[in-house]
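Working through the structure, step by step
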Amino acid sequence: MMMKSGKLLFQSLDRKKTAMPVSAAQKEYLNRLQREKRNVRRWQWILMITFLFVWEAGARTGLINSFVFSSPVGVIKTIVTMSKDGSLWYHTGVTLAETFVSFLLILILGTGAAILLWWNETLAKIFEPYLVMLNSLPKSALAPVFIVWLGANMKTIIVAAVSVAVFGTVLTLYHSFSETEEDKLKLIYTLGGTKKDILKKVILPGNIPTLFSLMKVNLGLSLVGVIIGEFLAAKAGLGYLIIYASQVFKLDYVITSIFILCLVSVALYHLIAKLEKRA
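This section reports on the structure supplied with the text. Fair warning: this is a prediction, and the values are worked out from it, not measured in the lab.

1. Things to note about the overall build of the chain
- In terms of regular secondary structure, the chain is built from 13 helices and 0 strands.
- Reading the helices (α) and strands (β) of the chain from amino to carboxyl end gives α-α-α-α-α-α-α-α-α-α-α-α-α.
- Scaling as 2.2 N^0.38, a compact globule of 279 residues should have a C-alpha radius of gyration of about 19 Å, whereas the chain reaches 25 Å, well beyond that.
- If one aligns the C-alpha atoms of the chain with their principal axes, the spans along those axes are about 75 × 60 × 30 Å.
- In the chain, buried positions account for 33% of the 279 residues.
- Across the chain, every contact between residues at least 6 apart in sequence was considered, and the portion connecting residues at least 24 apart equals 72%.
- Carbon and sulfur atoms form 69% of the exposed surface of the chain, whose accessible area is close to 18200 Å².
- Taken together, the 30 basic and 16 acidic charged side chains of the chain have centroids lying 8 Å from each other.

2. Some remarks on the pattern of salt bridges
- A full pass over the atoms with the stated rule returns 3 salt bridges.
- One salt bridge in this structure joins R35 and E28, with 3.2 Å as the shortest N-O distance.
- Assessed through its relative accessible area of 41%, R35 is described here as partly exposed.
- On the basis of relative accessibility, which here comes to 41%, the residue E28 falls in the partly exposed class.

3. Let's talk about a nonpolar patch on the surface
- Taken together, the side chains of I126, F127, Y130, M133, L134 and L137 define a hydrophobic patch exposed on the protein surface, amounting to about 560 Å² of accessible area.
- Mapped onto the elements, L134 comes out in helix α6 (residues 121-136).
- Taking the relative accessible area as the measure of exposure, L134 reaches 30% and is therefore partly exposed.

4. With respect to the packing of aromatic side chains
- Summed over all chains, the structure comprises 4 aromatic pairs.
- Here the aromatic rings of Y240 and Y244 are separated by 6.1 Å at their centres, their planes lie at 15°, and the arrangement is stacked. Separated by 4 residues within a single helix, Y240 and Y244 lie in helix α12 (residues 238-247), roughly one turn from each other.
- A residue is classified by how much of its surface remains accessible, and Y240, at 27% relative accessible area, is partly exposed.
- A residue is classified by how much of its surface remains accessible, and Y244, at 37% relative accessible area, is partly exposed.
- Its guanidinium or amino end placed over the ring of Y253, K250 lies 5.4 Å from that ring's centre, counting from NZ or CZ.

5. Regarding the side chain of S257
- Within the fold, S257 resides in helix α13 (residues 251-278).
- Under the relative-accessibility criterion, S257 is labelled buried at 1%.
- Those residues in contact with S257, other than ones at most four positions away along the chain, are L238, L241 and I242.

6. Some remarks on the nonpolar core
- If you look at the biggest cluster of nonpolar residues, it comprises 23 residues, and the most contacted ones within it are L117, W118, L131, Y174, F177, I198 and I203.
- Where this core is concerned, the elements lending two or more residues are α5 (87-119), α6, α8 (154-178), α9 (182-190) and α10 (195-206).
- In terms of residue count, α8 provides more of this core than any other element does, 10 residues in total.
- Each residue touching F177, except ones within four places of it in the same chain, is listed here: A114, I115, W118, I203, L204 and N207.
- In this structure, F212, L238, I242 and L261 belong to the second largest nonpolar core, which totals 19 residues.

7. Considerations on α8
- Across its 25 residues, α8 extends 36 Å between first and last C-alpha, which sits within 8% of the 36 Å expected from 1.5 Å per residue.
- Bending of α8 peaks at approximately 35° at the position of S163.
- Among the 25 residues in α8, 19 count as buried, and that is most of the element.

8. Description of the environment of L221
- Looking at the element boundaries, L221 is found in helix α11 (residues 208-233).
- For the pair L221 and G58, spaced 163 residues apart in the sequence, the C-alpha separation amounts to 32 Å.
- Apart from the residues within four sequence positions on either side, L221 is in contact with V164 and A165.

About the cut-offs
Residues numbered from 1 in each chain as written. Predicted model: local features only at pLDDT ≥ 70, side-chain atom pairs only at ≥ 80, totals over all residues. Heavy atoms only, no water. Helix = DSSP H or I, 4+ residues; strand = E, 2+ residues; numbered from the N terminus. Rg over C-alpha atoms; globule rule 2.2 N^0.38 Å. Buried < 20%, exposed > 50% of the residue type's maximum accessible area, 1.4 Å probe, protein only. Contact = heavy atoms within 4.5 Å. Areas by Shrake-Rupley, 256 points an atom, 1.4 Å probe, with all protein chains shown as cover. Lys, Arg positive; Asp, Glu negative; His and termini not counted. Charge placed at Lys NZ, Arg CZ, Asp CG, Glu CD. Salt bridge = Lys/Arg side-chain N within 4 Å of Asp/Glu carboxyl O. Patch = residues over 30% accessible without salt bridge, like charges linked within 9 Å, V, L, I, M, F, W, Y side chains within 5 Å. Phe/Tyr/Trp six-rings, centres within 6.5 Å; stacked < 30°, edge-to-face > 60°. Lys NZ or Arg CZ within 6 Å of the ring centre and 35° of its normal. Core = buried A, V, L, I, M, F, W, Y, C linked by side-chain atoms within 4.5 Å. Expected span 1.5 Å × (residues − 1). Bend = angle between axes of the 7 residues up to and from the residue.

Structure (structure tokens):
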């Protein structure tokens, strides 16, 4: 009954809030935020265009070696050529598929393990030193071992990508879960709740910002792990394309692959940012 009356109170407050007129000071504040946002965007475009102009001018005037560093025009020509024969979409699609699978596994395994450690403090004390050790271990050192265990295939690439971020995810989420305010936990217990209620009503909802921050980081780390795996054990993907092109001195393909990776990473970051706003 108390919860129902509380909900009605919040709903009435929300209605009053929406009915209140916007003050001149608030309008000015919102306009200032919009101007600042437009100014930031403007400078981002200016910096990018300046960089591309200097890069192209350096390649044309001989200040930089166009064979080694390519140029914006060379990258565009390579993208057109690779788009026509379909290799660009194929390799990019393979890398994206491996990245999404790795990201989902990191999210599921990391969150599940963090909940398990929070639920059982004894288990957390046993495994925390090992998680710290595994998180500190350079994952590129594990890639050759994964190849021996699993073979040179997509499974190795995904396992390598998962190993890059999963241990850090477990540690970060576990410590975030453990730092929940004691007063909130006591309130749930006082009202007759259980540890399961604390998890559902306090721990998980209260750590949504942390979870989304980790998702932004882990998506990039998944891409890094996939590229590391593709360097060593792939027959397709942007990482494979970089290694193959460098071996046959097609450096336009190398720079183009790196450029595509930059675009992919930015697009994935904005995807998570949009999901965060909706959540």
